[in-house]
Amino acid sequence: TVIGVLASGRGSNLQAIVDAINAGRLDAKIGVVIGDNPEANVLKRMAGSDIPTVCIDRRQFATKQEFEAAIAEELNLHHVELVVLAGFMRILSRYFIDRFAGKIMNIHPSLLPAFPGEDAQKQALQYGAKISGCTVHFIDEGMDTGPIILQEAVPVLEDDTTETLADRILHVEHILYPRAIALYCERRLTIEGRRRVRILNEE
Ligand code: GRF
């Protein structure tokens, strides 16, 4: 399965996916990594690897649709079959989602539907949650609302700061995301009804 990764920042989840592929835990190929701004560290991280990187800067486009059309074109150019959002800080519109229906995944650093949107770890702390975690889900037009694929919990500890909680969650993200992508690549994910993801057993 050819994967296209969209990212805006650090790129640690992308790195975890690359590592899983290299270790033989994930039978996939990264066709292209697209960053939405030239500062994205994720683009520097991939420099020197054999993975093609492209910067598609939102600021160069008059409208969101033109920006998304450019992304879609780049993904198609590389024959991408699954779009993986890894720290991609933009909401995709209906226009883009329809072009890759059921083929876009995201990871979010909370147990959805709790704490969607930005600063999920800070939200969890401020709310006083005792457990948080991360969620891999398919994308729909909402903010972190699509069908849930995998979730894993971590405790929120007494002395946690946003950073210590974020680190604990990130560690789990790096395990969970490659696993969810592997399930997709093994054709083991189906959506029942409107939003329940069923995981089929291995053959
Ligand atoms: C992760 O915490 C992910 O859950 C969220 O954005 C962050 C991206 O980190 N969507 P990285 O760029 O993969 O290091």
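Residues numbered from 1 in each chain as written. Predicted model: local features only at pLDDT ≥ 70, side-chain atom pairs only at ≥ 80, totals over all residues.

Asks: Honestly, the sheet that holds strand S3 (residues 53–55) in this entry has me stumped. Any pointers?
Replies: In a beta sheet, neighbouring strands are held together by backbone hydrogen bonds and run either parallel or antiparallel to one another. Ordered in space as S3-S2-S1-S4-S5-S6-S7, the seven strands form an open sheet in which the pairing is mixed. At either margin of the open sheet sits one strand with a lone partner, and together these are S3 and strand S7 (148–155). Taking the axes of each pair of neighbouring strands and ignoring which way they run, one obtains an average angle of 20 degrees across the sheet. For strand S5 (residues 104–108) and strand S6 (residues 131–138), the ladder comprises four bridges, and the chain directions are antiparallel. Counterpart to histidine 108 in the pairing with S6 is threonine 135. (Pairing = 2+ DSSP bridges. Helix = DSSP H or I, 4+ residues; strand = E, 2+ residues; numbered from the N terminus. Axes fitted to C-alpha atoms, helices over the stretch in contact; angles between N-to-C directions.)

Asks: What is the right way to look at the packing of helix H5 (residues 120–127) against helix H6 (residues 162–185) in this model?
Replies: Packed helix pairs are characterised by how far apart their axes lie and by the angle those axes make with each other. Packing of H5 against H6 leaves a shortest axis separation of 9 Å and a crossing angle of 120 degrees. By the angle between their directions, the pair H5 and H6 is classed as oblique. For H5 against H6, the interelement crossing comes out right-handed. Residues Gln121, Lys122, Ala124 and Leu125 of H5 form the contact with H6, whose participating residues are Thr162, Leu165, Ala166 and Ile169. Looking at the contact of H5 with H6 residue by residue, the class counts come to five nonpolar, two polar and one charged. (Parallel < 35°, antiparallel > 145°, perpendicular 65-115°, else oblique. Left-handed = near helix turned anticlockwise from the far one by under 90°. Contact = placed C-beta atoms within 7 Å. Nonpolar A, V, L, I, M, F, W, Y, C, P; charged D, E, K, R; others polar.)

Asks: Which parts of the structure should I look at to understand the site of the ligand?
Replies: Within the structure, the ligand sits among 13 residues, and Arg10, Ser12, Asn13, Gly87 and Pro109 are positioned closest to it. Within the residue set of the shell around the ligand, elements represented by two or more residues are helix H1 (12–22), S5 and H6. When its residues are assigned to classes, the shell around the ligand shows five nonpolar, six polar and two charged. Shared between two domains, the shell around the ligand holds at least three residues of each, these being domain 1 (1–101) and domain 2 (107–203). (Near = placed C-beta within 6 Å. Domains from an automatic or database assignment.)

Asks: Would you mind showing me how to read the nonpolar core here?
Replies: In summary, soluble globular proteins display a tendency toward joint burial of nonpolar side chains. Counting residues in each nonpolar core, the largest one holds 52 residues, and the members touching the most others are Val84, Met105 and Ile181. Mapping this core onto the domain boundaries places at least three of its residues in each of domain 1 (1–101) and domain 2 (107–203). Non-local contacts of valine 84, meaning those with residues more than four positions away in its chain, are made with Ile3, Gly4, Val5, Ile17, Met105 and Ile181. (Core = buried A, V, L, I, M, F, W, Y, C linked by C-beta atoms within 7 Å. Buried ≥ 20, exposed ≤ 12 C-beta atoms within 10 Å, placed from the backbone.)

Asks: Is there a simple way to think about H1 in this case?
Replies: In an α-helix, one turn spans 3.6 residues, which is why side chains three or four residues apart end up on the same side. Among all positions in H1, only Asn13, Leu14, Ala16, Ile17, Val18 and Ala20 are buried. Packed against the buried residues of H1 are strand S1 (2–7), strand S2 (29–35), helix H2 (41–46), strand S4 (82–85), S5 and H6. One or two positions beyond H1, positive phi appears at glycine 24, with a value near 80 degrees.

Asks: Would you mind showing me how to read the domain arrangement of the chain here?
Replies: Accessible area lost on assembly of the parts is the figure often given for the size of an interface. The assigned domain composition of the chain is domain 1 (1–101) and domain 2 (107–203). Counting residues at the interface gives 19 residues for domain 1, matched by 14 residues for domain 2. Where the side of domain 1 that touches domain 2 is concerned, the elements lending two or more residues are H1, S4 and helix H4 (94–99). In terms of residues, the side of domain 1 that touches domain 2 owes the most to one element, H1, which gives five residues. Class assignment of the residues belonging to the side of domain 1 that touches domain 2 gives a composition of 13 nonpolar, three polar and three charged.

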